Amino acid sequence: MAVRKKGATASREIAIYLRLSSADGTEAESNSIGNQRSYLHQWAAREGWQIVAEFLDDGHTGTDFERPGFQAMLEHLRTGKANMVITKDLSRL
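What you see is a predicted model, and the numbers here were worked out from it, not measured in a lab.

Caption draft 1: Molecular detail of the packing of aromatic side chains. One pass over the structure, following the stated rule, counts 2 aromatic pairs. Relative to F70, the ring of Y17 lies with its centre 5.8 Å away and its plane at 85°, an arrangement referred to as edge-to-face. Here Y17, found in strand β1 (residues 13–20), pairs with F70, found in helix α2 (residues 68–78); they are 53 residues apart in sequence, far enough to count as distant. Residues Y17 and F70 agree in their burial class; the two are buried. With 4.9 Å between their ring centres and 25° between their planes, F65 and F70 make a pair best called stacked. Residue classification places F65 among the partly exposed residues on the basis of a relative accessible area of 47%. Connected via pairs of aromatic rings, a cluster forms that spans Y17, F65 and F70.

Caption draft 2: The environment of S32, seen in detail. As for its placement among the helices and strands, S32 is situated in helix α1 (residues 31–47). Remark: the alpha-carbon pair of S32 and L20, spanning 12 residues in sequence, is separated by 7.0 Å.

Caption draft 3: A look at the pattern of salt bridges. As enumerated under the stated definition, the model contains 4 salt bridges in all. Between E54 and R37 there is a salt bridge, with the nearest N and O atoms lying 2.6 Å from each other. On the criterion of sequence distance, the pair formed by E54 in strand β2 (residues 50–58) and R37 in helix α1 is long-range, its members being 17 residues apart. Residue E47 is joined to R46 by a salt bridge in which the shortest nitrogen-to-oxygen separation is 3.9 Å. Accessibility expressed as a relative area gives 29% for E47, which makes it partly exposed.

What counts and how
- Throughout, residues of each chain are indexed from 1 in the direction in which the sequence is written.
- Where totals are concerned, whole chains, interfaces and linings use all residues; where local detail is concerned, this predicted model gives features only for residues with pLDDT of at least 70, and gives and counts side-chain atom pairs only at 80 or more.
- Hydrogens and water molecules were not included; the side-chain quantities draw on all heavy atoms of the structure.
- Any pair of Phe, Tyr and Trp rings, taking the six-membered ring for Trp, is counted once the centres come within 6.5 Å. Such a pair is stacked with planes under 30 degrees apart, edge-to-face with planes over 60 apart, and tilted for the rest.
- Numbering of helices and strands runs from the N terminus; a helix is a DSSP stretch of H or I covering at least four residues, while a strand is a stretch of E covering at least two.
- The buried label goes to any residue with under 20% of its type's maximum accessible area, the exposed label to any with over 50%, and the partly exposed label to all in between, with areas taken from a 1.4 Å probe on protein chains only.
- Any carboxyl oxygen of Asp or Glu within 4 Å of a side-chain nitrogen of Lys or Arg constitutes a salt bridge here.

That's the geometry; what it means functionally is another story.
Put into structure tokens, the structure is as follows:
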């Protein structure tokens with residue numbers, strides 16, 4: 001298996017996905033979303049990745065994929081505008 005090293009010629013452009021459960025609160029943009037965003041931006045900068053898009057579902061349950069931000073993220077990937085999405089942890093997906 002080939003290992004791609006940091007700085008390789010493959011695209012370093014990624015998208016991030018943020019979600020807060022409806023059970024966690026209904027503020028317009030919660031501190032949890034802000035914390036996820038900060039964490040992911042810091043990680044991307046440290047690893048040399050450029051964030052080209054951000055998708056957000058604040059106040060949406062994770063029990064299905066019919067979320068506006070999630071659907072927009074999928075379309076972004078389908079059209080090749082980014083080749084990877086990162087999220088703080090899998091529970092956010």
